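Read off the chains here:
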Amino acid sequence: MKITARVIAFICCLLPRKALAQMPPFGSIEISSGPVFNNHFPKAERMPSWIEGSLPAYSDSLRKADGMRMGLNFGLHYLKTINKNKAIRIGVQLSDYGFRRMRNSLGFGDSIHPEVGLVADFSQTGPRDVYYDVRYQMLEVPFSWVWNTDFRDRKREIQLHITGGFAPSYLFRHETIVRLRGFTTRDGIFNYRVSNTGYNARAFNLALIGGMRLDYAMDRRIHLLASPNIRIPLLAASSRPFERHRPWQFGIETGVIVRLGAIPSQGTQRN
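Rules used throughout
- Residues numbered from 1 in each chain as written.
- Predicted model: local features only at pLDDT ≥ 70, side-chain atom pairs only at ≥ 80, totals over all residues.
- Heavy atoms only, no water.
- pLDDT = per-residue confidence, 0-100.
- Contact = heavy atoms within 4.5 Å.
- 1 Å grid on protein atoms, 1.4 Å probe; cavity = no way out; pocket = protein on both sides within 12 Å on 5 of 7 lines; lining within 4 Å.
- Points joined across faces, edges and corners; volume = space filled by probe spheres on them.
- Helix = DSSP H or I, 4+ residues; strand = E, 2+ residues; numbered from the N terminus.
- Buried < 20%, exposed > 50% of the residue type's maximum accessible area, 1.4 Å probe, protein only.
- Polar contact = N/O pair within 3.5 Å; in protein donor to acceptor, adjacent residues only side chain to side chain.
- Core = buried A, V, L, I, M, F, W, Y, C linked by side-chain atoms within 4.5 Å.
- Arc of directions from axis to C-beta.
- Salt bridge = Lys/Arg side-chain N within 4 Å of Asp/Glu carboxyl O.

Asks: For this particular structure, what's the right way to read the confidence of the model for the chain?
Replies: Do not read the predicted coordinates in detail wherever pLDDT is low. Looking at the chain, the pLDDT average stands at 84 and 83% of residues meet or exceed 70. Counting contacts from residues 14-21, a segment whose pLDDT is below 50, to residues more than four positions away or on other chains yields 23 contacts.

Here it is as structure tokens:
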């Protein structure tokens, strides 16, 4: 929650007192997609009986075993102008949350996953590692406020906006992709998609969103969008008897903006 508070405080500090670049008077339609870096905040609930040590040590081992995984988001949004300096943005987005858990140096006979089987490779030409890419594919309805800043280049082709909001979400797919590195199974397969993740996934969540937007004018009606942003769900995405996970993601949303209605010429815009 400390990171969430810092993101909100950062956005509030950037909110402008005045604005130069104007919002599109009739709003716009935005189609966007982009890569995201996913990870999570793991929390140990209690110690497994087969592991020795303290609960803080177990939590630390979870953090060391988990890492980032790449995902891809896709969205369709409508930006509704409030006045020349403010707008609201609402849409539908497919968001790919998750994390990667790693196991290193598996030996012969070790379990890979209940749906995959055991290590049956006698040869030892290098380390046998397994990556477990845990995915939470969410259908989100993001709602954001958009504020202009004082920044605009001399040619008035690039505008900078600050954004902040929230996104209710519904989990429509939860799975784990098991990736074998340095060995394979008897079937010669390196990647397995399994539905038995071992986690009890939450069906609904609510994420906080914060970031900025660069709006580049190709012409008066068609603009390009680049928007780095961070999304942090407020609730844990999944749990199991000994741990729970709250995901977060950072990504760059890129796409096309189509401005609606009559577009005023540069000469008629007021600064």
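After that view of the structure, there is still more to cover.
Asks: Can you walk me through the layout of surface pockets in this structure?
Replies: To find leftover empty space, a probe the size of one water molecule is rolled over the atoms. By volume, the largest pocket amounts to about 650 Å³. Lining the largest pocket are 24 residues, and of these Arg101, Arg103, Tyr132, Tyr199 and Arg240 sit closest to its centre. Contributions of two or more residues to the lining of the largest pocket are made by helix H2 (55-65), strand S4 (86-103), strand S5 (111-113) and strand S7 (129-140).

Asks: Could you clarify how one ought to interpret the side chain of threonine 185 in this entry?
Replies: As for its position among the elements, threonine 185 is in the loop between strand S9 (158-181) and strand S10 (191-194). On the basis of relative accessibility, which here comes to 15%, the residue threonine 185 falls in the buried class. Among the polar contacts made by the side chain of threonine 185, one reaches the side chain of tyrosine 192 at a distance of 2.6 Å. Ignoring sequence-local partners within four residues, the contact set of threonine 185 consists of Val116, Leu180 and Tyr192.

Asks: Mind showing me how you'd approach the nonpolar core here?
Replies: Here is a general trend for soluble globular proteins: nonpolar side chains tend to be buried in one another's company. With 11 residues, the main nonpolar core is built from Leu106, Ile112, Val116, Val119, Val130, Tyr132, Val178, Leu180, Phe183, Tyr192 and Val194. Elements represented by at least two residues in this core include exactly S7, S9 and S10. In this view, leucine 180 contacts Ile112, Asp129, Val130, Thr185, Ile189, Phe190, Asn191 and Tyr192; residues no more than four positions away in its chain are not counted.

Asks: Whenever I open this one, H2 confuses me. Can you help?
Replies: Owing to its 3.6 residues per turn, the α-helix brings residues three or four apart onto one side. Among all positions of H2, only Tyr58, Ser59 and Leu62 are buried. Buried residues of H2 fall within an arc of 100° about the axis and therefore sit on the same side. Exposed residues pointing more than 90 degrees away from the buried face of H2 are listed as Pro56 and Lys64. Here the buried face of H2 lies against strand S1 (28-44), strand S2 (66-67), S4 and strand S15 (243-259).

Asks: How should unusual backbone geometry be read in this particular structure?
Replies: Negative phi is the rule for most residues except glycine; trans is the rule for most peptide bonds. One non-glycine residue, serine 105, lies in the positive phi region at around 55°. Within the element layout of this structure, serine 105 appears in the loop between S4 and S5. A relative accessible area of 56% means that serine 105 is categorised as exposed.

Asks: Can you help me understand the pattern of salt bridges in this one?
Replies: Here the structure, examined in full by the defined rule, presents 16 salt bridges. One salt bridge in this structure joins aspartate 60 and arginine 63, with 3.9 Å as the shortest N-O distance. Here arginine 63 and aspartate 60 lie together in helix H2, a separation of three residues that amounts to about one turn. With relative accessibility at 46%, the residue arginine 63 sits in the partly exposed group. Glutamate 253 is paired through a salt bridge with arginine 89; the nearest N and O atoms lie 2.7 Å apart. Taken as a pair, glutamate 253 in strand S15 and arginine 89 in strand S4 lie far apart in primary sequence, 164 residues in all. Judged by relative accessible area, which is 11%, glutamate 253 ranks as buried. Connected through shared salt-bridge partners, Arg69, Asp96, Arg135, Glu175 and Arg193 make up one network.

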